[in-house]
Amino acid sequence: MRLARVEFDGGTWIADADPESQTLTLLLQVTVPNGPDPAVALIAGELDANALREVGAQVPFSQARFMPPILRPSKNVICVGKNYRAHAEEFTRSGYDSSAAPGGDSVPSSVIIFSKAACSLTGAHDDVPVPWQITSEVDYEAELGVVIGKAGRHIAPADAYAHVWGYTVINDVTARDLQAKHRQWLLGKSIDGFCPIGPWIVSADQVAPENLQVSCWVNGERRQHASTEHLIFDIPSIIATVSASMTLEPGDIIATGTPAGVGIGFEPPRFLSTGDVVKVSISDIGTLENRIV
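This structure is a prediction, so every number in the text was calculated from the model and none was measured.

Participant: Describe the overall build of the protein, naming the residues involved and giving the relevant values.
Facilitator: On a plain count of helices and strands, the protein comes out with six helices and 18 strands. Scaling as 2.2 N^0.38, a compact globule of 293 residues should have a C-alpha radius of gyration of about 19 Å, and the protein matches this with 18 Å. Its C-alpha atoms put the protein at 60 × 45 × 30 Å along the principal axes. Counting every position in the protein, which comprises 293 residues, the buried fraction comes to 57%.

Printed below as a string of structure tokens:
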């Protein structure tokens, strides 16, 4: 299943996407915008997706706008920092890494966790609005997103995959100057619209997450490319670490870290500008493509 949230014909719908035929099967309409999220209810198994699919109307991708598949996770988007060795090294060299210990190893010995506020979530093809009056150093970060399907606390690594519903694509857009100025990462990463996600969540039965190809292009130039097999801390380790502190709930989103090749990794840095188009793609999952405005 590819669980999507779309705007179609004046309404918002939860749908099952079929990239091969470029069609959506509408499963149910979101009639109470601020009520319980039906996408989370599907993920939690409270609704029968197969029964809904049997009676759902089909519409082409071209007639719909892809929204964030999850709009209101139970907590902020949970993010992992410096989880590819080459990126950890480029981040430390850049001078923007407030988490690096002076003279210490750039590669973390424990999982680094931070968050992006849910207000940063935006659709797979939406423009990314930059408040240029407060930032001039906007960067991109291609990441694999993990979506929790089964609640849990103190989840052992061996049990972690049983708590995963599926996977999605994330661009962890970041205002590097704010990240450096405030010496923490929340404000620079949580600007409204700074987290393109989607275009759907692919259910775990269709994805082998240990060897996915994560890539990013800026204006057609490939900047990032790596396999998830090179994660420093794998998905079970991340879930175990996070759930040791907090209960993970259905619909919670974890961004697993970005490969080398971000803007601050270049000399001089290559930040994004108005009109730039950033494409993030992960094999077997999907593609984001967003314009910076």
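Participant: I'd like a rundown of helix H6 (residues 235-245), residues and numbers included.
Facilitator: For an α-helix the count is 3.6 residues per turn, leaving residues at separations of three or four pointing the same way. All of the buried residues along H6 are Ile235, Pro236, Ile238, Ile239, Ala240, Val242 and Ser243. Buried residues belonging to H6 abut strand E6 (77-81), strand E7 (112-116), strand E10 (142-148), strand E11 (164-171) and strand E16 (253-255).

Participant: Requested: an account of the pairing of E7, with residues and values cited.
Facilitator: Residue alternation in E7 divides its side chains into a buried set, Ile112, Phe114 and Lys116, and an unburied set, Ile113 and Ser115. With five bridges joining them, E6 and E7 adopt antiparallel strand pairing. Directly across from valine 77, in E7, lies its bridge partner lysine 116.

Participant: Outline the sheet that holds strand E14 (residues 213-218), supporting the account with residue identities and numerical values.
Facilitator: Backbone-to-backbone hydrogen bonds join strands into a sheet, with any given pair of strands oriented parallel or antiparallel. Within the open sheet, the four strands sit side by side as E15-E14-E17-E18. Their pairing is antiparallel. Of all the strands in the sheet, just strand E15 (221-227) and strand E18 (286-291) have a single pairing partner and so form its edges. When the angles between neighbouring strand axes are averaged without regard to direction, this sheet yields 10 degrees. Pairing between E14 and strand E17 (residues 277-282): five bridges, direction antiparallel. Following the sheet pairing, serine 215 is matched in E17 by serine 281.

About the cut-offs
Residues numbered from 1 in each chain as written. Predicted model: local features only at pLDDT ≥ 70, side-chain atom pairs only at ≥ 80, totals over all residues. Heavy atoms only, no water. Helix = DSSP H or I, 4+ residues; strand = E, 2+ residues; numbered from the N terminus. Rg over C-alpha atoms; globule rule 2.2 N^0.38 Å. Buried < 20%, exposed > 50% of the residue type's maximum accessible area, 1.4 Å probe, protein only. Contact = heavy atoms within 4.5 Å. Pairing = 2+ DSSP bridges. Axes fitted to C-alpha atoms, helices over the stretch in contact; angles between N-to-C directions.

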